[in-house]
Amino acid sequence: MVWEKVKESLKSTLAGNIYDLWIEPLQFVQLQEEKLYLSSPDRFFSAYVKQNFLEIIEEKASEHGLSSLRIVFCESGSKSLPTPIAMKHTPKRGQLRLPSVPVNKSRFKALHPRYTFDEFMVGESNILAESACRSMVAQDDSVGPCLYINSSTGLGKSHLTHAVAHQVLAQSPMTRLHYVTARQFAAEMVRGIKTNTMDDFKSKYLEHCDILLVEDVHSLTGKKKTQEELNEVLDSLIKSGKRVIVTANSAPRDLVGIDNEFRSRMTSGLVTSIQPPDIATRTRIVEKKAAQQQLCLDEELVQYLANNIRGDVRQIESALRAIRAKARLVGGHVDLDLLREVVTTIVGVEQQLSAELICELVSCQFNVSMDALRSKSRKRAITFPRQVAMYLARKYTDDSLADIGKVLHRDHSTVLHAIKVVSNKAIRDTSISAQLDLLSNKVKQL
Ligand SMILES: Nc1ncnc2c1ncn2[C@@H]1O[C@H](COP(=O)(O)OP(=O)(O)OP(=O)(O)O)[C@@H](O)[C@H]1O
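Residues numbered from 1 in each chain as written. Predicted model: local features only at pLDDT ≥ 70, side-chain atom pairs only at ≥ 80, totals over all residues. Heavy atoms only, no water.

Looking up the protein in an unreviewed UniProt entry gives the name Chromosomal replication initiator protein DnaA, with the organism given as Desulfomarina profundi. Under the Subunit (unreviewed entry) heading, UniProt states for the protein: "Oligomerizes as a right-handed, spiral filament on DNA at oriC." Its UniProt record, at the heading Subcellular location (unreviewed entry), says of the protein: "Cytoplasm". (UniProt positions renumbered as here; feature names shortened; annotations may be inferred.)

As a further point, take the pattern of salt bridges. For the structure on display, the rule yields 19 salt bridges. Close ionic contact of Lys-204 with Glu-188 constitutes a salt bridge, the shortest N to O distance being 3.0 Å. Of this pair, Lys-204 sits in helix α8 (residues 198-206) while Glu-188 sits in helix α7 (residues 182-194), placing them 16 residues apart in sequence. Under the relative-accessibility criterion, Glu-188 is labelled buried at 15%. Measuring nitrogen to oxygen at the nearest pair gives 3.6 Å for the salt bridge that ties Asp-337 to Arg-340. One end of the pair, Asp-337, and the other, Arg-340, are both in helix α14 (residues 336-347), three residues apart, so they sit about a helical turn from each other. What makes Asp-337 exposed here is its relative accessible area of 51%. Residue Arg-340 is classed as partly exposed on the basis of its relative accessible area of 33%. Salt bridges sharing common partners tie together Lys-202, Lys-225, Glu-229 and Glu-232. (Salt bridge = Lys/Arg side-chain N within 4 Å of Asp/Glu carboxyl O. Helix = DSSP H or I, 4+ residues; strand = E, 2+ residues; numbered from the N terminus. Buried < 20%, exposed > 50% of the residue type's maximum accessible area, 1.4 Å probe, protein only.)

Here we come to the sheet that holds strand β6 (residues 177-181). Read from one edge to the other, the open sheet built from five strands follows the order β6-β7-β8-β5-β9, with strand pairing classed as parallel. Two strands close off the open sheet at either side, each with one partner strand: β6 and β9 (271-273). On average, adjacent strands in this sheet sit at an angle of 15 degrees to one another, irrespective of strand direction. Sheet topology note: the strand β5 (residues 146-150)/β9 ladder contains three bridges and is parallel. Bridging across to β9, Ile-149 finds its partner in Thr-272. Seen against the sheet, helix α6 (residues 157-171) touches β5, β6, β7 (211-215) and β8 (243-248) and runs at an angle of roughly 160 degrees to β7. (Pairing = 2+ DSSP bridges. Axes fitted to C-alpha atoms, helices over the stretch in contact; angles between N-to-C directions. Contact = heavy atoms within 4.5 Å.)

Scanning all chains against the criterion turns up four aromatic pairs. What links up through ring pairs into an aromatic cluster is the set Phe-185, Phe-201 and Tyr-205. Over the face of the ring belonging to Phe-117 we find Arg-134, whose NZ or CZ atom lies 4.3 Å from the ring centre. A cation over an aromatic ring shows up here: Arg-380 above the ring of Phe-384, its NZ or CZ 5.1 Å from the ring centre. (Phe/Tyr/Trp six-rings, centres within 6.5 Å; stacked < 30°, edge-to-face > 60°. Lys NZ or Arg CZ within 6 Å of the ring centre and 35° of its normal.)

Time to look at the nonpolar core. Among the nonpolar cores identified, the biggest contains 30 residues, and Val-388, Leu-392, Leu-408 and Leu-436 are the most heavily contacted of them. Here this core gets eight residues from one element, more than from any other, and that element is helix α17 (residues 380-396). Not counting residues within four places of it along the chain, the set of residues in contact with Val-388 comprises Phe-366, Val-422, Leu-436 and Leu-439. Judged by nonpolar contacts, the second largest core, of 27 residues, contains Val-180, Val-214, Leu-237 and Val-244. (Core = buried A, V, L, I, M, F, W, Y, C linked by side-chain atoms within 4.5 Å.)

With that settled, the discussion passes to the UniProt feature "binding site: ATP" (unreviewed entry) in the protein. This chain's UniProt record puts "binding site: ATP" (unreviewed entry) on Gly-154, Gly-156, Lys-157 and Ser-158. Along the chain, the position of Lys-157 falls in helix α6. Note on Lys-157: relative accessible area 9%, which makes it buried. Those residues in contact with Lys-157 that lie beyond four places of it in its chain are Ile-149, Asn-150, Ser-151, Ser-152, Glu-215, Thr-247, Ala-248 and Ile-274. Side-chain polar atoms of Lys-157 contact the side chain of Ser-151, separated by 3.0 Å. (Polar contact = N/O pair within 3.5 Å; in protein donor to acceptor, adjacent residues only side chain to side chain.)

Glancing now at unusual backbone geometry. Positive phi, normally seen in glycine, also occurs at Gln-139, with a value near 55 degrees. Here Gln-139 shows up in the loop between α5 (127-138) and β5. Judged by relative accessible area, Gln-139 falls into the exposed class, the value being 52%. A positive phi is found at His-409, a non-glycine position, where the angle reads about 55 degrees. Tracing the backbone shows His-409 in the loop between α18 (401-407) and α19 (412-428). Note on His-409: relative accessible area 56%, which makes it exposed.

Let us look at the site of the ligand. Inspection of the region around the ligand gives 19 residues, with Met-121, Thr-153, Lys-157, His-159 and Glu-317 positioned closest. The separation between an oxygen atom of the ligand and a polar main-chain atom of Leu-155 is 3.2 Å. Contact between the ligand and Arg-314: an oxygen atom at 3.1 Å from a side-chain N or O atom of the residue. When isolated, the ligand has an accessible area of 630 Å², and the protein chains bury 91% of it. (Near = heavy atom within 4 Å. Areas by Shrake-Rupley, 256 points an atom, 1.4 Å probe, with all protein chains shown as cover.)

Another aspect to go through is helix α12 (residues 299-308). Among all positions in α12, only Leu-301, Val-302, Tyr-304, Leu-305, Ala-306 and Asn-308 are buried. Looking at the buried residues of α12, the elements they touch are α11 (279-292), α13 (313-329) and α14.

It is worth spelling out a negative patch on the surface at this point. Residues Glu-287, Asp-298, Glu-299 and Glu-300 make up a contiguous surface patch of negative charge. Relative to the helices and strands, Glu-300 resides in helix α12. (Patch = residues over 30% accessible without salt bridge, like charges linked within 9 Å, V, L, I, M, F, W, Y side chains within 5 Å. Lys, Arg positive; Asp, Glu negative; His and termini not counted. Charge placed at Lys NZ, Arg CZ, Asp CG, Glu CD.)

Each pocket or cavity is described by its volume, and for the largest pocket that value is around 1,200 Å³. Lining the largest pocket are 42 residues; nearest its centre among them are Ser-273, Ile-274, Gln-275, Pro-276 and Ser-363. Of all elements in the fold, only α5, β9, α11, α15 (355-366) and α16 (370-374) reach the threshold of two or more residues within the lining of the largest pocket. No other element matches α15, which puts five residues into the lining of the largest pocket. Each residue belonging to the lining of the largest pocket can be placed in one class, and the counts come to 18 nonpolar, 15 polar and nine charged. (1 Å grid on protein atoms, 1.4 Å probe; cavity = no way out; pocket = protein on both sides within 12 Å on 5 of 7 lines; lining within 4 Å. Points joined across faces, edges and corners; volume = space filled by probe spheres on them. Nonpolar A, V, L, I, M, F, W, Y, C, P; charged D, E, K, R; others polar.)

In structure tokens form, the structure reads like this:
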């Protein structure tokens, strides 16, 4: 009777087609201890109703005198009705629960609430990884079945992986998403072996997984059995068109103690690396994170931090926390001296412009690794950036030719030759002189 009355009220409130589609199929099962059990056709149906109509159903129920009623959905196909799938209000923030899948709280706790796409500052150094992650969410074909992201520490691998998880779960709460570190995967497997529950372990990843996110695969070095198991999981997921993202601290070819078959499986889609953020991105990161800390920094102070804290973004976060704490002690006043003190504690001495820094910038701009710049390669795609790095280092630092050469494993005569080559090319070719102007501007911002 209660449900019939609630339905009547809903019918007069909702548009006819919406009511017919989403409310009419819900069937009363029982009312017990202030819980109204409703049967719905399937899990997707339950999730959709939960997301879109739970509030109004509860509102109408309370109009009929059942103010503290909880709605519990059970799927028609489930073995024992009523199934206790409590449909709570969708939390306004944070990721959604997967209905009728046993809630693994630790998995959700593992997702950092602020690691979202909105909070991630994009620049040349990470745009490929960021857009690949967005493609993974959108399920377009550009990335392939497996995305491999690598970077050194603190450059946003976890941030982006969590962002994918948040977005996927927000868009489709029914998605069976598993987020684990490679270590957790290994530990789960060992538990499975010890407790004779490998079938459950296998079925979780092989049969009940739509998207798998595995962090820090480099930690599987030498763990043959775990590699085999994960390889089997990846193979199965990839073959069945599921999505996989793996992260590591180095490029696939540089992973040590990793089986070749497993390595090749992980690289079956897009492999992308995140480089240290350039000055423009660092500036935006400082601005964003300062605002989060409720720190009001003027342009000069933002620029000082962005200029002096490079690489690991955690250092920017930790500097801002320290600045905030110190500012409190001195009545909220933040000036350059305070920043200098903090930066020196975090990154050591203030960074001076050096040949090394310029080479890193050039490596980043030309998308050629430092290793390649230092290598013996004579390919034009590498020799040109190498010569440009030497030219810029000579122009903007006091380093000797020999010191510049050392950075790139060359002698002083090679540096001299490179400077001449680049100077001549710049005179003859306006596109090269434009490139040099652009790079010079970037060097000046370092
Ligand atoms: N582009 C960015 N924009 C905003 N925040 C960033 C960016 N890159 C990194 N961060 C922040 O830096 C911190 C470290 O990032 P994260 O943990 O994702 O790095 P990681 O590459 O996974 O590091 P590790 O290899 O040590 O696990 C996080 O707080 C993250 O929010």
